Amino acid sequence: MNDIHADIMVISAHPDDAEFGAAGTVAKWTGAGQAVVYVVCTSGDKGTSDRDLTSEALIDIREQEQRDAARLLGVKDVVFLKYRDQELEDTPDFRKNIVRQIRRFRPRTIVTSDPYRRYIWHRDHRIVGQVTLDAVFPYARDYLAYPDLIQEGLEPHNVAEILFYAAEDINFRSDITETFNLKLAALRCHESQVREFGIDDLETWLRKRCRQMAEGEAFELGEAFYRVKAPR
Ligand SMILES: [Zn+2]
């Protein structure tokens, strides 16, 4: 196993998506000694209503917020792909870039946003979920998919499963009762965004959400996913 290896890779559209979707579960994994890496596709350069803030300034702020949240959660590495916010597209270039990350880190599990959420859904979230799903199967797996990646030493890799956060259909609820406070603290790292949420009491709001996501389970607080096993 090379030292770049990750057990879990979270692929998100924007800084803060991983914390909203999966921070409690990420903290559980890292606490159990699993290596987690983040791949953040844009640096969230449109995420403000402050007219005095430029996109360039926001990139620096949001990348730092993401690094701070990741450090708090014990995430091993954060890769910024530097696409522009609101400009993710399902292109061969983007798909190949995701395949490149999968083949570098060789994760067992990938976590990303559900592309099939209906109606109002950030286009970047829809695109990153779809492109990641396609990258896992068949592109990361197939030897002939990218001969030039093989030249770079990036061999095919089979991901075992994908967990989609923000899913409408839920088939897996993760117990985050013990790591809820870390999720809350990680979300608070995204100070530029917490201002924008318009939520007076973040803890009460988050607790209520996580209680809903634990619905039907014996535990109190959860994160909910749609889990897909990838074919071999
Ligand atoms: Zn987002």
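Look up a bit, the structure's there.
Computed from a predicted structure; not experimentally measured.

*Asks:* Which parts of the structure should I look at to understand the overall build of the chain?
*Replies:* When helices and strands are tallied, the chain shows eight helices and seven strands. Relative to the globule expectation of 17 Å for 232 residues, the C-alpha radius of gyration of the chain, 17 Å, shows essentially globular dimensions. If you line up the chain on its principal axes, its C-alpha atoms span 50 × 45 × 35 Å. Burial status across the chain gives 51% buried among its 232 residues. Taking as baseline every contact in the chain between residues at least 6 positions apart, the subset at least 24 positions apart corresponds to 79%. When the accessible surface of the chain is totalled, it reaches about 11100 Å², and 48% of it is carbon and sulfur.

*Asks:* Just to check I follow, could you spell out the packing of helix α6 (residues 180-188) against helix α8 (residues 202-213) for this structure?
*Replies:* Close contact between α6 and α8 brings their axes to 11 Å; oriented N to C, the two are set at 130°. Viewed along their axes, α6 and α8 adopt a mutual orientation that is oblique. With respect to the hand of their crossing, α6 and α8 are arranged in right-handed fashion. On the side of α6, the interface is formed by F180, N181, K183, L184, L187 and R188, while α8 contributes L202, E203, L206, R207 and C210. Residues of the contact of α6 with α8, tallied by class, amount to six nonpolar, one polar and four charged.

*Asks:* Could you clarify how one ought to interpret the coordination of the zinc ion in this entry?
*Replies:* The expected angle between donors at a tetrahedral four-coordinate metal is 109.5 degrees. At an octahedral six-coordinate metal it is 90 or 180 degrees. Coordination of the zinc ion by the protein is provided by H14 (ND1), D17 (OD), D17 (OD) and H125 (NE2), with metal-donor distances spanning 2.0 to 2.8 Å. Of note is the zinc ion, whose four donor atoms meet at the metal with angles of 52 to 118° in an arrangement that counts as irregular.

*Asks:* How should the pattern of salt bridges be read in this particular structure?
*Replies:* Applying the stated rule across the entire model yields 18 salt bridges. With its nearest N and O atoms 2.6 Å apart, the salt bridge here joins E89 to R123. On the criterion of sequence distance, the pair formed by E89 in the loop between β3 (77-83) and α3 (92-105) and R123 in helix α4 (residues 123-139) is long-range, its members being 34 residues apart. Residue R123 is classed as partly exposed on the basis of its relative accessible area of 41%.

*Asks:* What am I meant to see in the layout of surface pockets here?
*Replies:* Over the atoms rolls a probe the size of a water molecule, and in doing so it shows where empty space is left. In this model, the largest pocket occupies a volume close to 780 Å³. Forming the boundary of the largest pocket are 28 residues, of which D17, F20, W121, H125 and R209 lie nearest the centre. Looking at the lining of the largest pocket, the elements with two or more residues in it are α1 (17-31), α7 (191-197), α8 and β7 (222-229). Per element, the largest residue contribution to the lining of the largest pocket is four residues, and it comes from α8. Here the residues of the lining of the largest pocket are counted per class, giving eleven nonpolar, eight polar and nine charged. Approximately 160 Å³ is the volume attributed to the second largest pocket. As for the second largest pocket, its lining consists of D114, Y116, R117, R118, L133, F164, A167, E168, D169, Y226 and V228.

*Asks:* Is there a simple way to explain the sheet that holds β7 in this structure?
*Replies:* Strand-to-strand pairing in sheets goes through backbone hydrogen bonds, with the strands running parallel or antiparallel. Ordered by their spatial adjacency, seven strands build an open sheet running β3-β2-β1-β4-β5-β7-β6, and the pairing between neighbours is mixed. Each end of this open sheet is capped by a strand with a single partner; those strands are β3 and β6 (172-175). Sheet twist, expressed as the average angle between the axes of neighbouring strands with direction ignored, equals 25°. Bridge count for β6 against β7 is four bridges, and the pairing is antiparallel. Considered in β7, the bridge of D175 is made with G222. Against the sheet, helix α2 (residues 55-73) contacts β2 (36-42) and β3, and its axis sits at roughly 155° relative to β3.

*Asks:* What am I meant to see in the side chain of S192 here?
*Replies:* Its location among the elements puts S192 in helix α7. The class of S192 is buried, set by a relative accessible area of 4%. Side-chain polar atoms of S192 contact the side chain of Q193, separated by 3.0 Å. The residues contacting S192, other than those within four sequence positions of it, are L58, I61, R62 and E65.

*Asks:* Help me out: how do you make sense of the pairing of β3 in this one?
*Replies:* Where a strand is regular, its side chains alternate between the two sheet faces. Here β3 lies mainly inside the structure; five of its seven residues are buried. Across five bridges, β2 lies against β3 in parallel orientation. Bridge assignment links Y38 to a residue of β3, and that residue is V78. Regarding topology, α2 serves as the crossover connection from β2 to the parallel β3, and that connection is right-handed.

Cut-offs and rules
- Residues numbered from 1 in each chain as written.
- Predicted model: local features only at pLDDT ≥ 70, side-chain atom pairs only at ≥ 80, totals over all residues.
- Heavy atoms only, no water.
- Helix = DSSP H or I, 4+ residues; strand = E, 2+ residues; numbered from the N terminus.
- Rg over C-alpha atoms; globule rule 2.2 N^0.38 Å.
- Buried < 20%, exposed > 50% of the residue type's maximum accessible area, 1.4 Å probe, protein only.
- Contact = heavy atoms within 4.5 Å.
- Areas by Shrake-Rupley, 256 points an atom, 1.4 Å probe, with all protein chains shown as cover.
- Axes fitted to C-alpha atoms, helices over the stretch in contact; angles between N-to-C directions.
- Parallel < 35°, antiparallel > 145°, perpendicular 65-115°, else oblique.
- Left-handed = near helix turned anticlockwise from the far one by under 90°.
- Nonpolar A, V, L, I, M, F, W, Y, C, P; charged D, E, K, R; others polar.
- Donors = N, O, S within 2.8 Å, 3.2 Å for Na, K, Ca; no water.
- Tetrahedral: all angles 85-135°; square planar, octahedral: opposite > 155°, others 65-115°.
- Salt bridge = Lys/Arg side-chain N within 4 Å of Asp/Glu carboxyl O.
- 1 Å grid on protein atoms, 1.4 Å probe; cavity = no way out; pocket = protein on both sides within 12 Å on 5 of 7 lines; lining within 4 Å.
- Points joined across faces, edges and corners; volume = space filled by probe spheres on them.
- Pairing = 2+ DSSP bridges.
- Polar contact = N/O pair within 3.5 Å; in protein donor to acceptor, adjacent residues only side chain to side chain.
- Right-handed = clockwise from strand over helix to strand, strands pointing away.

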